[in-house]
Amino acid sequence: MVGTGTVELALLPGARELLSQHERELPQRDDLCGAFCGSLALGAAGVGGRGGEPLDQDAVALAAGSVIASAHGSLPHGETGRRDYRLAIPVIDDADISGTTAAGVRDAIEELSEGRLAALPAAGPWSGDTLDALFGVLAAYERPVTLVANVATHHLWGSHPTVTQLLAYLFDGAEEGPGPDWRVGHFVVVAGRAQGPRGSLYAIADTYPALGDRGVHLQPRERLADALERRDMPEGGMLVVVSARDAERTRETIAGLGLREAIWDNGTVVRS
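Residues numbered from 1 in each chain as written. Predicted model: local features only at pLDDT ≥ 70, side-chain atom pairs only at ≥ 80, totals over all residues. Heavy atoms only, no water.

Undergrad: Would you mind showing me how to read the pairing of strand E8 (residues 185-195) here?
TA: One face of the sheet, then the other: side chains in a regular strand alternate in exactly this way. Summarising burial for E8: 10 of the 11 residues are buried, a large majority. With 4 bridges joining them, strand E1 (residues 8-11) and E8 adopt antiparallel strand pairing. Counted as the bridge partner of Leu9 is Ala194 from E8. Sheet topology note: the E8/strand E9 (residues 200-205) ladder contains 6 bridges and is antiparallel. Residue pairing across strands places Val189 opposite Ala205, the latter belonging to E9. The hairpin formed by E8 and E9 contains 4 residues between the paired strands. (Buried < 20%, exposed > 50% of the residue type's maximum accessible area, 1.4 Å probe, protein only. Helix = DSSP H or I, 4+ residues; strand = E, 2+ residues; numbered from the N terminus. Pairing = 2+ DSSP bridges.)

Okay, structure coming up:
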């Protein structure tokens with residue numbers, strides 16, 4: 001129980017390693033937000049390379065069947081894009097369907113970890129209570145956990161709220177925050193939570209340094225739940241990445257919270 005005047009901070013197991021890798025690898029390469037987040041999940045679990053090759057965002061992109069657009073798509077203000085690909089990623093002309101499917105991210109994590117990790121898809125329905133309950137269970141795990149969230153960014157707060165806005169939300173439940181930074185379907189990682197008497201703020205490890213403080217920003221649970229629902233865009237959801245040894249109990253948790261363990265169609269083309 002969080003008492004009056006108290007804020008409780010919690011990180012998912014493996015989050016410190018994930019955030020260190022996140023800081024080193026920023027920013028994502030164009031169209032590789034899902035692959036970028038997949039590489040963070042692998043790194044958090046200590047799966048950083050295979051056969052002498054790094055399991056970076058390019059390696060995950062190839063395993064996931066990612067496709068990149070021939071020109072820059074939508075970018076947050078202050079970002080110019082990054083196209084220094086280490087590996088040859090297939091190219092298409094339509095930026096609206098480029099990127100990585102949710103199924104591709106899942107499959108790449110499980111394949112590149114050689115079965116050591118399970119990436120379990122939770123497709124909703126999402127609410128603030130559901131987020132809090134899921135995070136609370138996973139934060140108590142001993143082995144690393146990564147939450148890869150496929151969101152609609154325009155349902156989130158802008159990534160630079162004031163301290164006053166953050167405290168008003170945590171202590172009073174006030175949901176007035178900055179307007180969204182941009183409008184896209186996007187993959188991010190949920191790494192931690194600050195829980196106050198009237199609300200929970202989730203720490204988002206984003207893929208661009210212009211967002212938040214070097215890519216890390218805080219989001220109210222209600223906004224994150226709406227962003228996961230993506231009611232006005234192709235579907236969203238969350239990949240719960242855990243040790244394969246924790247897969248069965250995680251499946252039971254997902255089902256017990258009323259979430260569907262099912263992959264979603266986020267509108268990205270499936271590479272043939």
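Undergrad: For this particular structure, what's the right way to read empty space enclosed by the protein?
TA: Gaps between atoms show up when a probe of the same size as a water molecule is rolled over them. One pass over the full model with this rule turns up 2 cavities of 30 Å³ or more. The volume enclosed by the largest cavity comes to roughly 80 Å³. Forming the boundary of the largest cavity are Thr153, Leu156, Trp157, Ser159, Asp181, Trp182, His186, Val188, Asp206, Leu211, His217 and Gln219. Looking at the lining of the largest cavity, the elements that each hand over two or more residues are E8 and strand E10 (216-220). Here the lining of the largest cavity is built from residues that sort into 5 nonpolar, 5 polar and 2 charged. Quantified by volume, the second largest cavity comes out at close to 30 Å³. Forming the boundary of the second largest cavity are Leu12, Pro13, Gly14, Ala15, Leu18, Val145, Thr146, Val189, Val190 and Ala191. (1 Å grid on protein atoms, 1.4 Å probe; cavity = no way out; pocket = protein on both sides within 12 Å on 5 of 7 lines; lining within 4 Å. Points joined across faces, edges and corners; volume = space filled by probe spheres on them. Nonpolar A, V, L, I, M, F, W, Y, C, P; charged D, E, K, R; others polar.)

Undergrad: Please clarify how the state of the cysteines should be interpreted in this entry.
TA: Two cysteines whose sulfur atoms are joined by a covalent bond form what is called a disulfide. The full count for this structure, using the stated rule, is 0 disulfides. Left without a disulfide partner, Cys33 is nearest to the cysteine sulfur of Cys37, which lies 6.4 Å away. Cys37 gets classed as buried once you look at its relative accessible area, which sits at 0%. (Disulfide = S-S within 2.5 Å.)

Undergrad: Would you mind going over the side chain of Ser66 with me for this structure?
TA: As for its position among the elements, Ser66 is in the loop between helix H3 (57-64) and strand E4 (68-69). A distance of 2.6 Å separates a polar atom in the side chain of Ser66 from a polar atom in the side chain of Thr100. (Polar contact = N/O pair within 3.5 Å; in protein donor to acceptor, adjacent residues only side chain to side chain.)

Undergrad: What exactly am I supposed to notice about the nonpolar core here?
TA: Nonpolar side chains in soluble globular proteins tend to be buried together. Membership of the largest hydrophobic core comes to 35 residues, with the highest contact counts inside it found for Leu42, Ile109, Val148, Val189 and Val241. Those elements that place two or more of their residues in this core are helix H2 (33-44), H3, helix H4 (102-112), strand E6 (117-122), E8 and strand E11 (237-243). In terms of residues, this core owes the most to one element, H2, which gives 8 residues. Within the second largest apolar cluster, 29 residues are counted, among which are Leu134, Ala225, Ala227 and Ile254. (Core = buried A, V, L, I, M, F, W, Y, C linked by side-chain atoms within 4.5 Å.)

Undergrad: Could you clarify how one ought to interpret unusual backbone geometry in this entry?
TA: The phi angle of most residues is negative, glycine excepted, and most peptide bonds adopt the trans form. Between Leu26 and Pro27 the backbone carries a cis peptide bond, its omega angle lying at -5 degrees. Relative to the helices and strands, Pro27 resides in the loop between helix H1 (15-25) and H2. Of the consecutive residues Gly124 and Pro125, the connecting peptide bond is found in the cis state with omega at 5 degrees. Mapped onto the elements, Pro125 comes out in the loop between E6 and helix H5 (128-139). Phi at Asp31 takes a positive value of approximately 70 degrees, unusual for a residue other than glycine. Inspection of the secondary structure puts Asp31 in the loop between H1 and H2. At Arg230, a residue that is not glycine, the phi angle is positive and equals roughly 50 degrees. With respect to the helices, strands and loops of the structure, Arg230 is situated in the loop between helix H7 (221-229) and E11. Since its relative accessible area comes to 3%, Arg230 is described here as buried.

Undergrad: How should I be thinking about the layout of surface pockets in this particular structure?
TA: Looking at the largest pocket, its volume works out to about 550 Å³. Lining the largest pocket are 30 residues, with Asp31, Ala95, Ser98, Val184 and Gly185 positioned closest to its centre. Considering every element that reaches the lining of the largest pocket, the biggest residue donor is E8, with 3 residues. Taken together, the residues of the lining of the largest pocket break down into 11 nonpolar, 13 polar and 6 charged. Put simply, the second largest pocket is a space of about 190 Å³. In this structure, the second largest pocket is lined by 13 residues; those nearest its centre are Leu9, Arg193, Ala194, Ala203 and Leu218. Going through the elements one at a time, E1, helix H6 (163-172), E8 and E9 are the ones with two or more residues in the lining of the second largest pocket. Among the elements that take part in the lining of the second largest pocket, H6 stands out by supplying 4 residues, more than any other. For the lining of the second largest pocket, the residue count by class is 11 nonpolar, 1 polar and 1 charged.

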